[in-house]
Structures are given as structure tokens and as C-alpha cells.
Amino acid sequence: MRLYLFSIIVFGGLFFSKAQEKAPTNIILMIGDGMGLTQITAGMYFNGNKTALEDFTSIGLSKTHSSNSLVTDSAASGTAMAAGVKTLNGVVGISYKNKTPKSILEISKEKGYQTALIATSSIVHATPASFYADVVSRKEYENIALQMSTSVVDYFIGGGKKHFNDREDKRNLINEMSAYDIVSSLSKFDNSTASKIGHFTNRDEPNKIMDGRLPLKDAVQSVLNKLDRDQKPFFMMVEGSQIDWGGHANEIEYVISEFNDFDAAIQTVLDYTIEHPNTLVIVTADHETGGLTIPKGNIKKMRPSVEFSTVGHTASMVPVFAKGPSASTFSGIYDNTLIFTKMLNVINE
Ligand code: MG
Ligand code: ZN
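Residues numbered from 1 in each chain as written. Chains lettered and ligands numbered in written order. Predicted model: local features only at pLDDT ≥ 70, side-chain atom pairs only at ≥ 80, totals over all residues. Heavy atoms only, no water.

Asks: I would appreciate a short explanation of the overall build of the protein in the present structure.
Replies: The helix and strand tally for the protein stands at 13 helices and 14 strands. In terms of C-alpha radius of gyration, the protein reaches 21 Å, essentially the compact-globule figure of 20 Å for 349 residues. Projected onto its principal axes, the C-alpha coordinates of the protein cover approximately 75 × 55 × 45 Å. Counting the 349 residues in the protein, one finds 53% classified as buried. In the protein, 73% of the contacts between residues at least 6 apart in sequence involve partners at least 24 apart. About 15100 Å² of surface is accessible on the protein, with carbon and sulfur atoms providing 54% of the total. Once the 33 positive and 37 negative side-chain charges of the protein are each reduced to a mean point, those two points are 4 Å apart. (Helix = DSSP H or I, 4+ residues; strand = E, 2+ residues; numbered from the N terminus. Rg over C-alpha atoms; globule rule 2.2 N^0.38 Å. Buried < 20%, exposed > 50% of the residue type's maximum accessible area, 1.4 Å probe, protein only. Contact = heavy atoms within 4.5 Å. Areas by Shrake-Rupley, 256 points an atom, 1.4 Å probe, with all protein chains shown as cover. Lys, Arg positive; Asp, Glu negative; His and termini not counted. Charge placed at Lys NZ, Arg CZ, Asp CG, Glu CD.)

Asks: Looking at this structure, I do not really get the packing of aromatic side chains. What am I missing?
Replies: Each pair of aromatic rings is reported with the distance of its centres and the angle of its planes. As enumerated under the stated definition, the model contains seven aromatic pairs in all. Here the aromatic rings of Phe156 and Tyr180 are separated by 5.7 Å at their centres, their planes lie at 70°, and the arrangement is edge-to-face. Of this pair, Phe156 sits in strand 4 (residues 155–159) while Tyr180 sits in the loop between helix 8 (173–176) and strand 5 (181–183), and the two are 24 residues apart along the sequence. A relative accessible area of 0% means that Phe156 is categorised as buried. Among the aromatic side chains, those forming a connected cluster through ring pairs are Phe156, Phe164, Tyr180 and Phe200. Note that Lys208 overlies the ring of Tyr254, its terminal NZ or CZ placed 4.5 Å from the centroid. One cation-aromatic arrangement involves Lys342 over Tyr334; the distance from NZ or CZ to the ring centre is 4.4 Å. (Phe/Tyr/Trp six-rings, centres within 6.5 Å; stacked < 30°, edge-to-face > 60°. Lys NZ or Arg CZ within 6 Å of the ring centre and 35° of its normal.)

Asks: I tried to follow the coordination of the zinc ion (ligand 2) on my own but got confused; where do I start?
Replies: By definition of the ideal shapes, four donors in a tetrahedron about a metal sit 109.5 degrees apart, and six donors in an octahedron sit 90 or 180 degrees apart. Coordination of the zinc ion (ligand 2) by the protein comes from Asp244 (OD), Asp244 (OD), His248 (NE2) and His313 (NE2), over a distance range of 2.1 to 2.3 Å. As a motif over one chain, the donors of the zinc ion (ligand 2) read D-x3-H-x64-H. Of this pair, Asp244 and His248 both sit in helix 11 (residues 243–248), four residues apart, roughly one helical turn. A relative accessible area of 5% places Asp244 in the buried class. (Donors = N, O, S within 2.8 Å, 3.2 Å for Na, K, Ca; no water.)

Asks: Explain the sheet that holds strand 3 (residues 114–122) to me, please; I cannot follow it from the model alone.
Replies: Strand-to-strand pairing in sheets goes through backbone hydrogen bonds, with the strands running parallel or antiparallel. Read from one edge of the open sheet, 10 strands run 5-6-4-3-7-1-8-13-2-14, paired in mixed fashion. Looking at which strands have only one partner, the edges of the open sheet turn out to be strand 5 and strand 14 (332–335). If you compare each strand with its neighbour and ignore which way they point, the axes differ by 15° on average. (Pairing = 2+ DSSP bridges. Axes fitted to C-alpha atoms, helices over the stretch in contact; angles between N-to-C directions.)

Asks: Help me understand the nonpolar core, please; the structure alone is not making it clear to me.
Replies: It is characteristic of soluble globular proteins that their nonpolar side chains tend to be buried jointly. Formed by 46 residues in total, the largest nonpolar core has its most connected members in Leu29, Phe131, Phe164, Phe235, Phe330 and Met343. Setting aside its immediate chain neighbours within four residues, Phe235 contacts Ile27, Leu29, Ile104, Leu105, Ser108, Tyr113, Gln114, Thr115, Ala116, Phe131 and Met343. (Core = buried A, V, L, I, M, F, W, Y, C linked by side-chain atoms within 4.5 Å.)

Asks: Help me out: how do you make sense of the pattern of salt bridges in this one?
Replies: When the charged atoms of two side chains lie near each other, side chains of opposite charge can form a pair. Enumeration according to the criterion identifies 14 salt bridges in this entry. A salt bridge links Lys196 to Asp154; its shortest N-O distance comes to 3.9 Å. Of this pair, Lys196 sits in the loop between helix 9 (186–191) and strand 6 (197–200) while Asp154 sits in the loop between helix 6 (141–149) and strand 4, placing them 42 residues apart in sequence. Considered together, Lys196 and Asp154 belong to a single accessibility category, that of buried residues. Notably, a salt bridge pairs Arg167 with Asp169, separated by 2.9 Å at the nearest N-O pair. (Salt bridge = Lys/Arg side-chain N within 4 Å of Asp/Glu carboxyl O.)

Asks: Sorry, what's going on with the packing of helix 2 (residues 37–46) against helix 12 (residues 252–275) here?
Replies: The packing of two helices is summarised by the inter-axis angle and the distance between the axes. At their nearest, the axes of helix 2 and helix 12 sit 9 Å apart, and the two run at 80° to each other. By the criterion of interaxial angle, the relationship of helix 2 to helix 12 is roughly perpendicular. Residues Gln39, Ile40, Ala42, Gly43, Met44 and Phe46 of helix 2 lie in contact with helix 12, whose contacting residues are Val255, Ile256, Phe259 and Asn260. Residue composition of the contact of helix 2 with helix 12, by class: seven nonpolar, three polar and no charged. (Parallel < 35°, antiparallel > 145°, perpendicular 65-115°, else oblique. Nonpolar A, V, L, I, M, F, W, Y, C, P; charged D, E, K, R; others polar.)

Asks: It is not clear to me how the side chain of Thr273 should be interpreted in this structure. Could you clarify?
Replies: Turning to its location among the elements, Thr273 is positioned in helix 12. Since its relative accessible area comes to 13%, Thr273 is described here as buried. For Thr273, the side chain forms a polar contact with the main-chain oxygen of Leu270, separated by 2.6 Å. Ignoring anything within four residues of it in the chain, the contact list for Thr273 reads Thr279 and Val281. (Polar contact = N/O pair within 3.5 Å; in protein donor to acceptor, adjacent residues only side chain to side chain.)

Shape is all these values report; function is a separate question.
This is the structure we're talking about:
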């Protein structure tokens, strides 16, 4: 009996330590800028009553207020999710207590992760900037670009090339970014064998998807292929940036088409996790935009009729969808800063 118990303890211990050595968890954070619950609802019905979000197993709600306003902007909310601190609207990477904490992207790099940023805005826009820059104003695009040029981001795809090579200080940051292969197309991105690769999709802000922009899912697939090649754990942030811009414009077609582009990218990520189950996927928003409501609709056509109530953002909580290892920790109602903390817990496992 004693020997039997001893065996259980020894072999149990071996098994436990084996479990402790499991592969590190990849983290893919997907942010639909301005994507509240109503944007998702409208997009789902317009898209044949389905969304990739239906595959997620854990759902929570995030409180998006900033340190000085119930209604946040993307800089304060991006900083909360990227670095775990509340700050004033318009501030990137610096807390309201004037601290500059490391972002989850920077911490993951220190832990041996590969890192990637993809946005359908410029790469220096508030949401992606929150993962590598510290600036008092989100409008300091040239300063943000300078910080991007020396960041620990391994792969990036987004617009805003002019902030790197057509600057007030006359510097050409693209020439200075010698560690990177800066490529002019996605197929060149695919063919590059460099360890750090960047692709500027536009000189300024990228076009709308309705005007023929590169589908986000294609960019996501290209970066996933590189991350897969590297054989290291990774942190990737993917932003559907222009759902917000459709909301500001109060144009439902703009909102829906950008949501659908983002939804297809979510599906691409979910497909990747089938072969790579050690991948945690989190999909959320930084805030809702437009005060979108669906006061009526057509049940036969499953078509919502929408109304906007503002051209700005609103204070509504936004959903957080999670799937993969530790997904259940994203259930519940919590501050947007806890999205950082929960991701950090996964990296520190
Ligand atoms: Mg944004
Ligand atoms: Zn906005």
C-alpha cells in the first residue's frame, strides 16, 4: 500500500512536471475599433445571420472609460489594453500618473516571443501605437514613427509611410530601419526571408475596404506564415481600424463592410488555431462608435434598420470574446486594463 502511494506521488509528480513544460501560449489580440455589440449584431445579420464570433467559448464585458472621461478615445483605451493603465483621452502609452509601463508586446519580446502588428489604419495610429510608443498626444505621428523605427516589433503591416520618409526633420526612417526588410507588396512580404519585415499599405491612411483595400485576412495569413516559420511563441495585435471611421461618418455600409473584413480575418485566425491549439485568441473593441441602435428590422429578410445617435464614441461596455488556453479567464465584467493583466498572466504561466 505504501509503495502504491509512493508510486502515485512519484509518477504523478513526473506527469505534473511534464504538464508544466507545455508549449508557451501564442496570443492574438484582435481589436475592432468602434466595434460595439450593435456593430456586431448589424454585421452579423447583413452577413447572412452569421459571424466568426459565434465560435468563441468565453465572453466577457469590458468597461472602457478613460481616466478623465466616461467616453474614451482609442489612445486611452489602447493604452489600457496594451499596458494595463488608465490614462487621459489622447495620450498613448503614458498613465495618468505619468508612468510609462512596458506594453504586453514589449514584455512578450523579453520573454522570447516574436511580435507583430497589423492595422487597417496607419501603423502610427492610436491603437497600434499603444503597443510600442509613449507620447503625450496621439497626433505626434512623426514622433510615434520614430519610436516605431526602433521598436521590438518583428512584423508590421499598415499605412502611414509618409510619417517615416517625408518628415519635418528630413530624416528617412525607412533607410534607418536597417534591421527590417521594408517591402512594397504582400507577395514580396511572403517571399522575404528577412527576420524582421514591414509592409506599408499606403503613404497615408489606407483606403476603405469598399474602395478595394487589401483584405485584412490576407495580411493576417501572411504574418501567420512568418510567425509559423520562426518556431517561437508570438504576440500579434490585429486591428480592424475603420469600423470606427464608418461610425464617425454614420455610414452603415462603411461600418458593415469594415466589420465583415474584420470578421473574415477572425475566421482566418480561428482556422490557424486548429493546427496550433496553443494559441489564445481575444477579440474585443476599444469602445463603441456612433451610438448605433437597431430600433427595427425586417424578419423575412433578416435585415436590421439602424440609427446612429452620435458622430462620436459612447461609453457602452464592449464585448470580449476569447478562445484557446486560459480563455475562461476573460469571462466576467472588468476594466479594460484587466485585458492586459489577463494576457500577462498567460505569458507568465
Ligand atoms: Mg484605432
Ligand atoms: Zn473613433
